[in-house]
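# Overview (structure and organization)
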Amino acid sequence: MISAIVLIHAESAKIPQVAQSIAEIPGIEKVYSTAGAVDLIAVVQVERHEDFADVIADRLNKVQGVTDTETHIAFRTYSADDEAQAFAIGLDS
């Protein structure tokens, strides 16, 4: 799977509805409501780069109440959980 993080600006009065609509799009793993420069952050995971066009450009960007987005494609994923699991291979709990 390949991932992208999408920073989303939305109409203030519609943020909860926009977040729920985005969360229902296939390929959207999570949607976070945030404080700061953006209203929502979505984590997108797809099989192929071409699938980002369907999920982000054709669906997420067209959700009513979305006013602007900025997409960041992830090169690699790092996680403390992944490292701990790798070192635990073959160990019985």
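Located above this text is the structure these notes cover.
None of these values were measured; they are calculated from a predicted model. (Residues numbered from 1 in each chain as written. Predicted model: local features only at pLDDT ≥ 70, side-chain atom pairs only at ≥ 80, totals over all residues. Heavy atoms only, no water.)

## Re the overall build of the protein chain
Note the threshold: Strands here mean DSSP runs of E at least two residues long; helices mean DSSP runs of H or I at least four residues long; both are numbered from the N terminus. Summary of the burial criterion: residues with accessible area below 20% of their type's maximum are buried, those above 50% are exposed, and those between are partly exposed, where the area comes from a 1.4 Å probe applied to protein chains only. Throughout, a residue-residue contact means that at least one pair of heavy atoms, one from each residue, lies within 4.5 Å. Areas reported here follow the Shrake-Rupley algorithm with a probe of radius 1.4 Å; residue values treat only the protein chains shown as occluding.
Looking only at helices and strands, one finds three helices and four strands in the protein chain. Starting at the N terminus, the α and β elements of the protein chain follow one another as β-α-β-β-α-β-α. Taking all 93 residues of the protein chain together, the buried fraction comes to 27%. For the protein chain, contacts bridging at least 24 residues in sequence account for 67% of all contacts bridging at least 6. As displayed, the protein chain has an accessible area near 6500 Å², and 51% of this comes from carbon and sulfur atoms.

## What about the environment of Val-43?
Within the secondary structure layout, Val-43 lies in strand 3 (residues 40-46). Note: C-alpha distance between Val-43 and Ile-28 (15 residues apart in sequence) is 6.0 Å.

## Quick word on the nonpolar core
For the record, the criterion: Nonpolar cores were defined as sets of buried Ala, Val, Leu, Ile, Met, Phe, Trp, Tyr and Cys residues, with membership established by side-chain atoms within 4.5 Å.
Grouped together as the largest cluster of nonpolar side chains are 21 residues, with contacts concentrated most on Ile-8, Ile-22, Val-44 and Leu-60. For this core, the secondary-structure elements that each account for two or more residues are strand 1 (2-10), helix 1 (15-23), strand 3 and helix 2 (50-57). Examining the composition of this core, we find that five residues originate from one element, strand 1, more than from any other. Excluding anything up to four places from it in sequence, Ile-22 contacts Ile-8, Ile-28, Val-31, Leu-40, Ala-42, Leu-60, Val-63 and Val-66.

## Points about the pairing of strand 3
Quick note on the threshold: When DSSP locates at least two bridges between a pair of strands, those strands are taken to pair.
Covered by surrounding structure in strand 3 are Leu-40, Ala-42, Val-44 and Val-46 only, the residues Ile-41, Val-43 and Gln-45 on the alternate face being uncovered. Strand direction decides the pairing type here: strand 1 and strand 3, joined by seven bridges, are antiparallel. Residue Ile-5 lies in a different strand from strand 3, and its bridge partner there is Val-43. Sheet topology places strand 2 (residues 28-33) next to strand 3; five bridges connect them, and they run antiparallel. If you follow Ile-28 over to strand 3, its bridge partner there is Val-44. Between strand 2 and strand 3, which pair antiparallel in sequence order, lie six residues; one of them, Gly-36, sits at a positive phi of approximately 120 degrees.

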